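# A look at the structure
Here is how the chains run, residue by residue.
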Amino acid sequence: DAGVTQSPTHLIKTRGQQVTLRCSPKSGHDTVSWYQQALGQGPQFIFQYYEEEERQRGNFPDRFSGHQFPNYSSELNVNALLLGDSALYLCASSFGGVGVEQFFGPGTRLTVL
Amino acid sequence: GQQLNQSPQSMFIQEGEDVSMNCTSSSIFNTWLWYKQEPGEGPVLLIALYKAGELTSNGRLTAQFGITRKDSFLNISASIPSDVGIYFCAGLENPNTGNQFYFGTGTSLTVIP
């Protein structure tokens, strides 16, 4: 039973570029949430996808967008990258939209130069 | 956004000692969760609490949902080297209206053999 998987594991971009991160939820899960974790801090909620729609969004600008596919996998897109976007991006999956027990992937480490 | 403050920020203890940490919020939460994160990995759910006053155990870990709903506590008994990691609390305001978790700042635990 595969857990939550994310790709790539590491990524280096320069300011102004665009990036796409990918997530496959745990088997049986249909809800994907994305978090940004800056160094030394707790994860911050970006948004959640359920039934291919964004259900809730945290305090992040429109440069952050996402998508959920029919197979429940998800993408996080960040446009016009800033230095401050450097962080670990975590994907968490759960079941049924309001699933409290979220399972996290290992994350994608994004460095913006 | 909501602020969850964890204390202490870091702990250095001898193997076999008990550990206590807490998390406080400026607002009321209906669900509290405790996660552990190790280097290079995503957070792993340890304990979930759903009712004010609830006391729940998971092996050597015990967590409590504060009566005021603005705080939660985690205790680890008889610590062992594999307890090393960063412990995060997370709160959910109302699972019926949204699924946005707010994470604390983390408590870093070091266990000295």
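Going by the structure above, here's the rest.
Below you will find a few notes about this structure.

About the cut-offs
Residues numbered from 1 in each chain as written. Chains lettered and ligands numbered in written order. Predicted model: local features only at pLDDT ≥ 70, side-chain atom pairs only at ≥ 80, totals over all residues. Heavy atoms only, no water. Pairing = 2+ DSSP bridges. Helix = DSSP H or I, 4+ residues; strand = E, 2+ residues; numbered from the N terminus. Axes fitted to C-alpha atoms, helices over the stretch in contact; angles between N-to-C directions.

### Brief notes about the sheet that holds strand β8 (residues 74-78) of chain A
Residues and elements named next belong to chain A. Pairing is antiparallel across the open sheet formed by four strands, whose spatial order is β1-β3-β8-β7. Each having just a single partner strand, β1 (5-7) and β7 (64-68) make up the two edges of the open sheet. Taking the axes of each pair of neighbouring strands and ignoring which way they run, one obtains an average angle of 20° across the sheet.

### Quick notes on the environment of A:Ala38
Here A:Ala38 is to be found in the loop between β4 (31-37) and β5 (44-50). Here the alpha-carbon distance between A:Ala38 and A:Ala87, two residues 49 residues apart in the chain, equals 4.6 Å.

### Some remarks on the sheet that holds strand β3 (residues 19-25) of chain B
Residue and element names in this part refer to chain B. Overall, antiparallel pairing links the five strands, which are arranged β1-β3-β8-β7-β6 in an open sheet. Lying at the two open borders of the sheet, with one neighbouring strand each, are β1 (4-7) and β6 (55-58). When strand polarity is set aside, the average angle formed by the axes of neighbouring strands in this sheet is 15°. As paired elements, β3 and strand β8 (residues 71-76) share six bridges and run antiparallel to each other. Counterpart to Asn22 in the pairing with β8 is Phe73.

Geometry only, nothing functional implied.
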